[in-house]
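# Fold and geometry: a report
Single-letter residue listing:
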Amino acid sequence: MKKWIIFMLAFTLGLLMVSTVSASYEISPGLDFGKIEPGENKTLKVSLKKTSAGLANINLPAHQSEFESGLILSTDSFPFGANINNGQSLSFEVTLIADESTDAVERDGDELKPIDGKVGLFHVGTVVNGFPENPTFEVQAEIENKLEIKDSDILVKRDISGEKDRDADSGRISITDDRDIKVRPGDKLIIELEIQNKFSSKTDIDFDDVTVEIDIEDDEDFDFDEEPDSFSLDTKDEKTVTFELEVNEDADRDSHRVRINLEGRTGAGGLHGETLEFDLDVERKSRDIAIRDLDISPDKIACDEEDRTVSVDFDIFNRGNSDEDEVAIEVSSQGLDFKEKQQDI
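Residues numbered from 1 in each chain as written. Predicted model: local features only at pLDDT ≥ 70, side-chain atom pairs only at ≥ 80, totals over all residues. Heavy atoms only, no water.

Strands sit in the order β15-β22-β21-β17-β19 across an open sheet of five strands; the sheet is mixed. The sheet is open, and its two borders are formed by β15 (180–183) and β19 (231–233), each paired with just one other strand. Neighbour to neighbour, the strand axes of the sheet diverge by 30° on average, direction disregarded. Bridging between strand β17 (residues 207–216) and strand β21 (residues 254–266) involves eight bridges; their strand directions are antiparallel. The residue of β21 that forms the bridge with D208 is R265. (Pairing = 2+ DSSP bridges. Helix = DSSP H or I, 4+ residues; strand = E, 2+ residues; numbered from the N terminus. Axes fitted to C-alpha atoms, helices over the stretch in contact; angles between N-to-C directions.)

In structure tokens:
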């Protein structure tokens, strides 16, 4: 019974030592490589310091785990076999290798998010007084995304005559993350995206099968043109991608989240790209009658012509929330001394 108790006590103490071992060592200045570009290597000079009592023997080569695909941590100068005592330090170099297959972004649901922060674990194998100690340290890095939306605009075209609409946007508008853009039923929208391969000539990495997809919440209120085909993008090249859509005339007053996903892979399979999100707010007044598609034919007449008839054609568009039963249209020209009104339309 006593031997069993002693064994259990020793086992428990061993577990406690393993669970607190990382607090017994520190690496300075840390294993944060900062920004690193796929196709690049980055080296840090660091020191491993023991901060607790007991002589430790490094009995296992350093190893790594849980690293992002395409990343390798090289520790050729690691002091395998050395001894280290409380307060002592051992210096060595670690190199983070990011090959062309390294992903710069990862999928989070329907979005692409950058890989930034913990990219893997670095392990050291030591023995103190016969007990194994395996301190573990996080490796930090930010993988540089090289496929970006350099510029993004939306052109709001409103084929409505009359005074300027103060309650909705018009013309060319810069798109930024989480921006609200106010539109009207019947508006034609042209979204232009300037896509850029930001790899330098030093790494000389191209993108294959670049795709740009647009998704609009409750998209039944919009008519889309076809999405553009996939394309390749060479190092430092740029390409403009255009989407055309129209707000349906019967679209309800509502806010629609728009998500644009840009993604592409290098020849070795590394994923790059980004997600741009903004809102299209469809605005409707309670009562709002507008004139559009105005056509006057002929646009010129001579005073000596026998037939001086002019035809004025136009469409009337109810873009408000209320039905209208008594609409009137008046056409007048002071220079021609002309005025005519049609009622009960």
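Now, onward.
This part takes up the pattern of salt bridges. All chains considered together, the criterion is met by 15 salt bridges. Here D178 makes a salt bridge to R257, at a shortest N to O gap of 2.5 Å. Note that D178 is positioned in the loop between β14 (171–174) and β15 and R257 in strand β21, a separation of 79 residues in sequence. A relative accessible area of 23% places R257 in the partly exposed class. (Salt bridge = Lys/Arg side-chain N within 4 Å of Asp/Glu carboxyl O. Buried < 20%, exposed > 50% of the residue type's maximum accessible area, 1.4 Å probe, protein only.)

Okay, the environment of E220 next. Inspection of the secondary structure assignment puts E220 in the loop between β17 and β18 (222–224). Overall, the relative accessible area of 55% leaves E220 in the exposed class.

Time to look at a negative patch on the surface. Together, E217, D218, D219, E220, D250, D252 and D254 make up a negatively charged patch on the protein surface. Looking at the secondary structure, you find D250 in the loop between β20 (238–247) and β21. (Patch = residues over 30% accessible without salt bridge, like charges linked within 9 Å, V, L, I, M, F, W, Y side chains within 5 Å. Areas by Shrake-Rupley, 256 points an atom, 1.4 Å probe, with all protein chains shown as cover. Lys, Arg positive; Asp, Glu negative; His and termini not counted. Charge placed at Lys NZ, Arg CZ, Asp CG, Glu CD.)

Before going further, it helps to spend a moment on the packing of aromatic side chains. The description of two aromatic rings rests on the distance between their centres and on the angle between their planes. A full pass over the atoms with the stated rule returns four aromatic pairs. When the centroid spacing of 6.2 Å and the interplanar angle of 80° are considered together, the rings of F78 and F122 count as edge-to-face. Here F122 lies in strand β10 (residues 116–128) and F78 lies in the loop between β5 (71–74) and β6 (83–84), a separation of 44 residues in the sequence. Judged by its relative accessible area of 1%, F122 is buried. Ring centres of F199 and F207 lie 5.6 Å apart, and the angle between their planes is 40°; on these two criteria the pair is classed as tilted. (Phe/Tyr/Trp six-rings, centres within 6.5 Å; stacked < 30°, edge-to-face > 60°.)

Moving on, we come to the nonpolar core. The biggest cluster of nonpolar side chains holds 34 residues, and the ones touching the most others in it are I191, L193, I195, I260 and L280. Counting only elements with at least two residues in this core, the list comes to β13 (147–157), β15, β16 (188–197), β17, β19, β20, β21 and β22 (271–282). No other element matches the five residues that β17 contributes to this core. With residues near it in sequence (within four places) discarded, I195 still touches L147, E148, I149, F231, L233, D237, E238, K239, V241 and L262. Counting residues in each nonpolar core, the second largest holds 31 residues, with Y25, L31, L71 and L90 among its members. (Core = buried A, V, L, I, M, F, W, Y, C linked by side-chain atoms within 4.5 Å. Contact = heavy atoms within 4.5 Å.)

Attention now goes to the sheet that holds β5. The strand order β1-β3-β7-β5 describes an open sheet built from four strands, whose pairing is antiparallel. One side of each edge strand has no neighbouring strand; the edge strands of this open sheet are β1 (25–28) and β5. Shown here is a sheet whose adjacent strand axes are inclined to one another by a mean of 30°, direction ignored.

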